[in-house]
Amino acid sequence: MNIRLLAKRNIQGNGQRYLAYFFSIVLSVSIFFIYASFIFHPDVVHANIPGGQLISRGLIAAEIVIIIFSVFFIAYSNAAFIQPRKKEFGLLTLLGMSKSQLRKLIYLEQTMVSLISILIGVGLGFLFSKLFLMAVSWLLAVEQPISFVFVPEAFVYTIVGFILLFQLLSLLSLFHIGNAEVVDLLKDKQKPKKTPFVSKWLIALSAVCLSISYYLAGTMSLNNSFRVMPILFFVLIGTYFLFSQSIVALCSRLYRKKKSLYGGTNLITQTNLIFNIKDYSRLFFLTSIITAVILTAAGTLFMFSADLKKQGMGNIPQSIGWVENDASIYSVIEPSEVEKILKEDGFKILYEVNMTGVPIIHMLPDMRTGESNENRSLLISESDYNNAAALRKIDPAKLSGKEALYIFPYGGLDYQFAQKGEPKELHYGKQTIQVTMIGQRNQSIVAPIESATTLMVIDDQLYHEITANVPLKEKVRVRGYEIKDWEESMETSSKIEKMSKNPDHNHLQTRAPIYQEMKQESILILFIGLFVSLLFFIVQGSMMYLRVFTNLEDNKIQIHALHRLGLTKKEIRQILSAEIRILFFAPFLIGMIHAIIAYVALSNLLGSNLFVYSAMVIGTYFLFQLLYYQVTKKMYERAVINSIK
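**Some words on the overall build of the chain**
Within the chain one finds 21 helices and 9 strands. Within the chain, the fraction of its 645 residues that count as buried is 50%. Relative to all contacts within the chain whose residues are 6 or more apart in sequence, the contacts with residues 24 or more apart total 82%. Carbon together with sulfur atoms contributes 62% to the accessible area of the chain, which is approximately 32,000 Å² in total.

Take a look at the structure:
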């Protein structure tokens, strides 16, 4: 028998162990190829597809993520394949196989698996790339579907890239096994496992790091989004020591409770857990972080897409809105023309806004430095504000005397430019008005355009005193129309924009085109992100599958011995189920908690309650995780129990 044939038979003999690894690599290669086919598609390269360049940039980022993730997964898998076979390699060396031949055997095994995975992955990617192009064509709403063409660059980049990746990682994995002595290889499995070391200081460090990260995430907003990197740092440190120290301490504590320890099969389950927890801790850390990444990324994309309509209505208060710098005339567009177009196209006007104000200058602090800078706002009366607020179902303002309320239009930013009780000077022409601020509201009631971007609301009597002698042509007029079924008003909005005298597009704002563009982009990002999230989920499940089957031979020996002592097959299944359940759901629980905190931060950023969306994402993920657990458990139980004679 030559080394090539021996490598082939080793792969066949370890087929069950290679199954999840093989499936994960095929999926990685397929997705990479499909994305590469779009990136290098002639219509995308020559910008013949509207929005194609945007998708291309997103897919390039996804390709980088896939490669980085594949590096870690392949390196982990190679180590997982080699570790349980050290005794086998020791016997081969004892029988006369040289170190160079042993390296060649391992190299051939990994090369065969990688080449088969790459070829099948590219083949499946090529078959499904047509379906992907059809889906992208539908999402982009292009008139002519994107043509299915042969893209040589996709084949070259995918095949050459993954072959080089596999070769490099295979060569690195040979270093450790190639330098081990025969006695070390033979006795690797016989080395007794020690009770893992626990440090109270590291347990405290884990608790502190996680507490800091949760606090920073829970209080995060748009103006302190730089917290993302510190949060990530503290989460990684805290999670690592949570599994390597805190969980070990918890298992040790449970082990000392003799009453529960001697109940049923707990003695075997808990003993196996405490002596394997050191080996499991790294896997728990990796899979919990992957779980948190999947849930956070998929949840963020889904929530943003689902909450997009609310965001559009919050940031763009009316379906059509514009600002006239001279309130005495309509230089941008006549309201009668807008009403005529809306009526002709069958849109019902729900309400209209028509208010005037005077542009003023006042000082506001800079968000970063805190230094006072000159700022322009539109001064309006309390009545005008309350009328518009009532139409948008916003609480009215309550002012008296020389009180003022500052209106900032973007709800996601919680920075306070105006403090309650703060005295402020408002300048209009040569007039200086002294007011006392009652606070700030971050919500828009009219189109935030030019001088009407921010508003300063004052009492009616004070407003009339200031503007009594101001001619209408020096005032600013804000107009707006809210219509029913505004999402379908793309063509109508386009007509109004073309009819308006607004060449710079800075006086008139229509909601439907902006919303549709954001919706299209978010769906595309969601579409891409779900593919990557699916890959992450499969790879994470494969890592746990590999960990389970790495201990297969040891567990067979243990189960055989326990079966001779009288352990029933039902009790054996309970032991195996408990061990696999811990592997699958302990990291899921921690990853879910991390993701929930991330959802809280996202809710703060978007100014929305995203509980329902987050529950849907976590519930869906849990069902997939449960399915993966059931499949792995059945396969593992069959492999162990069928070996009992």
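This is not the end of the story, as more comes after the structure.
**A closer look at the nonpolar core**
In this structure, Tyr21, Tyr35, Phe38, Leu59, Leu295 and Phe584 are the most contacted members of the largest nonpolar core, which totals 98 residues. Beyond its immediate stretch of four places on either side in the chain, Leu59 contacts Tyr35, Phe38, Ile39, Phe132 and Ile528. With 23 residues, the next largest nonpolar core counts Leu405, Ile407, Ala452 and Val476 among its residues.

**Observations regarding the pattern of salt bridges**
Enumeration according to the criterion identifies 4 salt bridges in this entry. Between Lys495 and Asp345 there is a salt bridge, with its nearest N and O atoms 3.1 Å apart. Of the two residues, Lys495 sits in helix H17 (residues 490-499) while Asp345 sits in the loop between helix H14 (335-344) and strand E2 (349-365), which places them 150 residues apart along the sequence. You can call Lys495 partly exposed: its relative accessible area is 40%.

**Digging into the packing of H14 against H17**
At their nearest, the axes of H14 and H17 sit 10 Å apart, and the two run at 155° to each other. Comparing their axes, H17 and H14 come out roughly antiparallel. Remark: the crossing between H14 and H17 carries right-handed chirality. Residues Glu337, Val338, Ile341 and Leu342 of H14 lie in contact with H17, whose contacting residues are Thr492, Lys495, Ile496 and Met499. Its residues assigned to classes, the contact of H14 with H17 shows 5 nonpolar, 1 polar and 2 charged.

**Some points on the pairing of strand E4 (residues 403-408)**
With 5 of its 6 residues buried, E4 lies for the most part within the structure. As defined by bridge partners, E4 adjoins strand E6 (residues 431-442) across 5 bridges and the pair is classed as parallel. Opposite Ala404, over in E6, you have Met437 as the bridge partner. Judged from the 4 bridges that link them, E4 and strand E7 (residues 455-458) form a sheet pairing that is antiparallel. Bridge pairing in E7 places Ala404 opposite Ile458.

**Some details on a nonpolar patch on the surface**
On the surface, Ile116, Ile120, Leu124, Leu127, Phe128, Leu131 and Met134 cluster together into a nonpolar patch covering about 670 Å² of accessible area. On the secondary structure map, Phe128 appears in helix H6 (residues 99-140).

**Some words on the packing of aromatic side chains**
What the rule picks out here adds up to 28 aromatic pairs. With centroids separated by 4.7 Å and ring planes inclined at 70°, the aromatic side chains of Phe33 and Phe155 adopt a geometry described as edge-to-face. Residue Phe33 is found in helix H2 (residues 15-39), and its partner Phe155 is found in helix H7 (residues 152-178); the two are separated by 122 residues along the sequence. The same class applies to Phe33 as to Phe155, namely buried. On the numbers, 5.4 Å between centres and 55° between planes, the contact of Phe243 with Phe284 is tilted. Note that Phe243 is positioned in helix H10 (residues 228-255) and Phe284 in helix H12 (residues 266-306), a separation of 41 residues in sequence.

**A few points about H14**
Every α-helix carries 3.6 residues per turn, so stepping three or four residues along brings you back to the same face. Turning to H14, its buried residues are Pro335, Val338, Ile341 and Leu342. Buried residues of H14 fall within an arc of 130° about the axis and therefore sit on the same side. Those residues of H14 that are exposed and aimed more than 90 degrees away from the buried face are Lys340, Lys343 and Glu344. Next to the buried residues of H14 lie strand E1 (320-324), E2, strand E8 (476-483) and H17. Immediately downstream of H14, the backbone of Gly346 shows phi near 80°, a positive value.

**Description of a positive patch on the surface**
On the surface, Lys569, Arg573, Lys634 and Arg638 cluster together into a patch of positive charge. Within the residue set of the positive patch, elements represented by two or more residues are helix H20 (569-606) and helix H21 (611-641). Within the secondary structure layout, Arg638 lies in helix H21.

**So, unusual backbone geometry**
Here the phi dihedral of Glu450 falls at roughly 45°; this positive angle occurs in a residue that is not glycine. Its place among the elements puts Glu450 in the loop between E6 and E7. Even without being a glycine, Asp485 presents a positive backbone phi close to 55°. In this fold, Asp485 is placed in the loop between E8 and H17. Take Asp485: its relative accessible area is 41%, and that puts it in the partly exposed class.

**Examining the side chain of Thr356**
Counting through the fold element by element, Thr356 comes out in strand E2. Residue Thr356 is classed as buried on the basis of its relative accessible area, which comes to 16%. Not counting chain neighbours up to four residues away, the residues in contact with Thr356 comprise Ala327, Ile380, Asp384, Tyr463, Lys475, Val476 and Arg477.

**Thoughts on the environment of Val446**
The residue Val446 is located in the loop between E6 and E7 in this model. As a C-alpha pair, Val446 and Val478 span 32 residues in sequence and 7.3 Å in three-dimensional space. Not counting residues within four places of it along the chain, the set of residues in contact with Val446 comprises Pro317, Gln318, Val353, Met355, Leu455 and Val478.

**Side note on the side chain of Asp459**
Within the secondary structure, Asp459 is located in the loop between E7 and helix H16 (460-467). Among buried Asp, Glu, Lys and Arg side chains, Asp459 stands out as unpaired, with Lys402 the closest opposite charge at 11 Å. At a separation of 3.1 Å, a polar atom in the side chain of Asp459 contacts the main-chain amide nitrogen of Gln461. Apart from residues no more than four positions distant in its own chain, Asp459 is found in contact with Glu382, Leu399, Ser400, Gly401 and Glu403.

**Topic: the environment of Gln516**
Summarising the element assignment, Gln516 is placed in helix H18 (residues 511-550). For Gln516, a relative accessible area of 24% puts it in the partly exposed group. The spacing of Gln516 and Lys309 is 207 residues in sequence and 9.6 Å in space, taken between C-alpha atoms. Residues within four places of Gln516 in sequence aside, it is in contact with Glu487 and Met490. Reaching out from Gln516, the side chain makes a polar contact with the backbone oxygen of Glu487 at a distance of 3.1 Å.

**Digging into the packing of H18 against H21**
Look at H18 against H21: their axes get within 11 Å of each other, and the N-to-C directions meet at 25°. As summarised for this structure, H18 and H21 are arranged roughly parallel, according to the angle between their axes. Crossing of H18 against H21: the hand is right-handed. Every residue of H21 that contacts H18 at Phe537, Ile538, Gln540, Gly541, Ser542, Met544, Tyr545, Val548 and Phe549 is listed here: Tyr621, Phe624, Gln625, Tyr628, Thr632, Met635, Tyr636 and Ala639. Partitioned by chemical class, the residues of the contact of H18 with H21 number 12 nonpolar, 5 polar and no charged.

The rules behind these values
Residues numbered from 1 in each chain as written. Predicted model: local features only at pLDDT ≥ 70, side-chain atom pairs only at ≥ 80, totals over all residues. Heavy atoms only, no water. Helix = DSSP H or I, 4+ residues; strand = E, 2+ residues; numbered from the N terminus. Buried < 20%, exposed > 50% of the residue type's maximum accessible area, 1.4 Å probe, protein only. Contact = heavy atoms within 4.5 Å. Areas by Shrake-Rupley, 256 points an atom, 1.4 Å probe, with all protein chains shown as cover. Core = buried A, V, L, I, M, F, W, Y, C linked by side-chain atoms within 4.5 Å. Salt bridge = Lys/Arg side-chain N within 4 Å of Asp/Glu carboxyl O. Axes fitted to C-alpha atoms, helices over the stretch in contact; angles between N-to-C directions. Parallel < 35°, antiparallel > 145°, perpendicular 65-115°, else oblique. Left-handed = near helix turned anticlockwise from the far one by under 90°. Nonpolar A, V, L, I, M, F, W, Y, C, P; charged D, E, K, R; others polar. Pairing = 2+ DSSP bridges. Patch = residues over 30% accessible without salt bridge, like charges linked within 9 Å, V, L, I, M, F, W, Y side chains within 5 Å. Phe/Tyr/Trp six-rings, centres within 6.5 Å; stacked < 30°, edge-to-face > 60°. Arc of directions from axis to C-beta. Lys, Arg positive; Asp, Glu negative; His and termini not counted. Charge placed at Lys NZ, Arg CZ, Asp CG, Glu CD. Polar contact = N/O pair within 3.5 Å; in protein donor to acceptor, adjacent residues only side chain to side chain.

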